[in-house]
Amino acid sequence: HYQNIIRVGEKEMALAGTAGLDWASRKQISSVLTLNKFQNKSYIYGIAGLQNYGMLNDPQLLPSITDTGWAAKDGQGIYDSCQKLFVQLVKQTGGLVDRDAQMTLIMSPGMDSETTKTNQYNVNVNDQLKKNFPNMRIGTVPEYNTDAGEMVQLVVDNYEGQATVELSFTEKLRAHTLIQELSGFEQKRSQGTNGAIIYRPLFIASMLVS
């Protein structure tokens, strides 16, 4: 569980009010954004010191395959790289996954921009993916640009009614009692995370691009 505290003084409220700023509301928005950013980090890395893991460091994840950087590839080369990852997923699952499965391809925004490249027939990577994997969607996560290289993951959303991954929390947001002080007020807000609970690691294929 984690928390932050909003502190607003009467004088700063009055000063902000002269500029037409709803200072209390802005601090409340900032509080929620800060909590949610930490929660998103926990879904990627988990919480150090606890048996709480994320999408990049869960010890049950299968070893990543590797590929060369996409910056030097043309559209066909990038599509071939994505296809290589799908072939790995089929191999891991013993053929339980086909091209029509609902899947999510996760990468960094920088890698996503590479999927706009075209092949020799002027067809870009996104169009090729949509045609050959009709139920695949692309999700972007900045933290997938790691020190070791670019991480790309292909995740089967669910199989036979069981989700592959659950981004789990104990409490999404709790607003605690508003405390009135002599010249302002304080309020604690808290959330709780279980990290990314991976039920079936074999339905996640990972590739490190460097």
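Everything discussed here concerns the structure shown above.
As the structure is a prediction and not an experimental result, all values here were calculated from the model. (Residues numbered from 1 in each chain as written. Predicted model: local features only at pLDDT ≥ 70, side-chain atom pairs only at ≥ 80, totals over all residues. Heavy atoms only, no water.)

> Help me out: how do you make sense of helix 3 (residues 75-92) in this one?
Each α-helix turn comprises 3.6 residues. Residues three or four places apart therefore point the same way. End to end, helix 3 covers 26 Å across 18 residues, agreeing with the expected 26 Å (1.5 Å per residue, within 8%). Turning to helix 3, its buried residues are Gly75, Gly77, Ile78, Tyr79, Ser81, Cys82, Leu85, Phe86, Gln88, Leu89 and Gln92. Looking at the residues trailing helix 3, positive phi occurs at glycine 94, about 65°. (Helix = DSSP H or I, 4+ residues; strand = E, 2+ residues; numbered from the N terminus. Expected span 1.5 Å × (residues − 1). Buried < 20%, exposed > 50% of the residue type's maximum accessible area, 1.4 Å probe, protein only.)

> Teacher, can you tell me more about the layout of surface pockets here?
The space that makes up the largest pocket amounts to roughly 410 Å³. Around the largest pocket, the lining is made up of 15 residues, and of these Met55, Ile106, Arg137, Val141 and Leu167 lie nearest the centre. Only helix 2 (23-45), strand 3 (103-107), strand 4 (136-140) and strand 9 (165-175) provide two or more residues apiece to the lining of the largest pocket. For the lining of the largest pocket, the per-class residue count stands at nine nonpolar, three polar and three charged. (1 Å grid on protein atoms, 1.4 Å probe; cavity = no way out; pocket = protein on both sides within 12 Å on 5 of 7 lines; lining within 4 Å. Points joined across faces, edges and corners; volume = space filled by probe spheres on them. Nonpolar A, V, L, I, M, F, W, Y, C, P; charged D, E, K, R; others polar.)

> Explanation requested: the side chain of aspartate 58 in the structure shown.
Looking at the secondary structure, you find aspartate 58 in the loop between helix 2 and strand 2 (65-67). Although aspartate 58 lies buried, it forms no salt bridge, and the closest oppositely charged side chain, arginine 200, sits 14 Å away as judged by the N-O distance. A distance of 2.8 Å separates a polar side-chain atom of aspartate 58 from the backbone nitrogen of glutamine 60. (Lys, Arg positive; Asp, Glu negative; His and termini not counted. Salt bridge = Lys/Arg side-chain N within 4 Å of Asp/Glu carboxyl O. Polar contact = N/O pair within 3.5 Å; in protein donor to acceptor, adjacent residues only side chain to side chain.)

> Before we go on, may I ask you to explain the nonpolar core in this structure?
Most often, soluble globular proteins keep nonpolar side chains buried together rather than apart. Judged by nonpolar contacts, the single largest core of 25 residues is most densely connected at Trp70, Met103, Leu105 and Val152. Only helix 3, strand 3, helix 5 (125-132), strand 6 (149-156) and strand 12 (204-209) provide two or more residues apiece to this core. Here this core gets six residues from one element, more than from any other, and that element is helix 3. Core analysis: the second largest hydrophobic core is formed by 12 residues, Ile44, Leu61, Met151 and Val165 among them. (Core = buried A, V, L, I, M, F, W, Y, C linked by side-chain atoms within 4.5 Å.)

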